[in-house]
Amino acid sequence: MWEYLGRHWAGECAWFMKADADAYVNLPAIAARLSCFDPQEWWFLGATQTSLQMDGSSREFATGGAGYIISAGLLPNVSAWMPFCLMESLHTAGGVGMEDATFAACLAKWGHVLPAN
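Overview of the structure.

Parameters and conventions
- Residues numbered from 1 in each chain as written.
- Predicted model: local features only at pLDDT ≥ 70, side-chain atom pairs only at ≥ 80, totals over all residues.
- Heavy atoms only, no water.
- Helix = DSSP H or I, 4+ residues; strand = E, 2+ residues; numbered from the N terminus.
- Rg over C-alpha atoms; globule rule 2.2 N^0.38 Å.
- Buried < 20%, exposed > 50% of the residue type's maximum accessible area, 1.4 Å probe, protein only.
- Contact = heavy atoms within 4.5 Å.
- Areas by Shrake-Rupley, 256 points an atom, 1.4 Å probe, with all protein chains shown as cover.
- Lys, Arg positive; Asp, Glu negative; His and termini not counted.
- Charge placed at Lys NZ, Arg CZ, Asp CG, Glu CD.
- Polar contact = N/O pair within 3.5 Å; in protein donor to acceptor, adjacent residues only side chain to side chain.
- Pairing = 2+ DSSP bridges.
- Axes fitted to C-alpha atoms, helices over the stretch in contact; angles between N-to-C directions.
- Phe/Tyr/Trp six-rings, centres within 6.5 Å; stacked < 30°, edge-to-face > 60°.
- Expected span 1.5 Å × (residues − 1).

Points about the overall build of the protein chain
Right, on to step 1. Of the regular secondary structure elements, the protein chain holds four helices and five strands.
Right, on to step 2. Reading the protein chain from its N terminus to its C terminus gives the helix and strand order α-β-α-β-β-β-β-α-α.
Right, on to step 3. Its C-alpha atoms give the protein chain a radius of gyration of 14 Å, near enough to 13 Å, the size a compact globule of 117 residues would have.
Right, on to step 4. With respect to the principal axes defined by its C-alpha atoms, the protein chain has extents near 40 × 25 × 25 Å.
Right, on to step 5. Within the protein chain, the proportion of its 117 residues that are buried is 36%.
Right, on to step 6. Excluding contacts between residues fewer than 6 apart, the proportion of contacts in the protein chain whose partners are at least 24 apart in sequence is 68%.
Right, on to step 7. Summed over all atoms, the accessible surface of the protein chain reaches about 7,100 Å², with 59% contributed by carbon and sulfur.
Right, on to step 8. Where the 5 positive side-chain charges of the protein chain centre and where its 11 negative ones centre are 3 Å apart.

As structure tokens, then:
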């Protein structure tokens with residue numbers, strides 16, 4: 001999805017959001033909150049949670065249920081990183097697991113981008 005958005009929709013929007021199909025999205029409230037951020041900068045926003053890794057370390061991610069948002073400035077990079085992240089996910093976990101945590105791990109690994117609440 002992110003690779004496609006980066007290739008075909010990058011210049012169309014300032015912000016891109018992923019939320020679960022059953023999520024209620026209050027667009028006016030989100031637009032008001034995003035107005036204080038520069039969409040040309042690298043932003044990865046959402047309600048953060050912490051997951052415990054198998055090695056005992058922890059990793060923050062923006063929960064996908066409530067939705068997370070990336071800026072237009074970050075999208076081209078996310079689009080470029082996704083094929084590598086997908087291959088790594090398929091290789092290490094068989095492509096299963098928490099999509100939101102995997103997405104956050106990709107952004108942290110490739111762009112040193114962490115989610116912000």
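Alright, that's what it looks like, and here's the rest.
Some words on the environment of Asp-20
Right, on to step 1. On the secondary structure map, Asp-20 appears in the loop between strand 1 (15–18) and helix 2 (27–34).
Right, on to step 2. In this structure, the C-alpha to C-alpha distance between Asp-20 and Ala-66, residues 46 residues apart in sequence, is 7.1 Å.
Right, on to step 3. Within the local environment of Asp-20, its side chain forms a polar contact with the side chain of Lys-18, the two groups lying 3.1 Å apart.

So, the sheet that holds strand 5 (residues 68–71)
In any sheet, the strands associate via hydrogen bonds between backbone groups, in a parallel or an antiparallel arrangement.
Right, on to step 1. Across the sheet, three strands lie side by side as 1-5-2; this open sheet has antiparallel pairing. Strand pairing shows two members of the sheet lacking a second neighbour, strand 1 and strand 2 (44–46), which therefore form its edges. For this sheet, the mean angle separating the axes of adjacent strands, direction not counted, is 25 degrees.
Right, on to step 2. The pairing of strand 2 with strand 5 spans three bridges and is classified as antiparallel. From the neighbouring strand, Phe-44 faces strand 5, where its bridge partner is Ile-70.
Right, on to step 3. Along the sheet, helix 4 (residues 99–111) makes contact with strand 1, strand 2 and strand 5, crossing strand 5 at roughly 25 degrees.

Observations regarding the packing of aromatic side chains
Right, on to step 1. Counted by the stated rule, this structure contains nine aromatic pairs.
Right, on to step 2. Aromatic side chains Phe-37 and Trp-43 sit 4.6 Å apart centroid to centroid with 75 degrees between the ring planes, which places their arrangement in the edge-to-face category.
Right, on to step 3. Here the aromatic rings of Tyr-68 and Phe-103 are separated by 4.9 Å at their centres, their planes lie at 20 degrees, and the arrangement is stacked. Pair noted here: Tyr-68 is in strand 5 and Phe-103 is in helix 4, with a separation of 35 residues, a long-range link. Like Tyr-68, the residue Phe-103 is buried in the burial classification.

A short note on helix 4
Right, on to step 1. End to end, helix 4 covers 18 Å across 13 residues, agreeing with the expected 18 Å (1.5 Å per residue, within 8%).
Right, on to step 2. Buried residues of helix 4: Asp-100, Ala-101, Phe-103, Ala-104, Ala-105, Cys-106, Leu-107 and Gly-111, and no others.
Right, on to step 3. His-112, located one to two residues past helix 4, shows a positive phi value of around 55 degrees.

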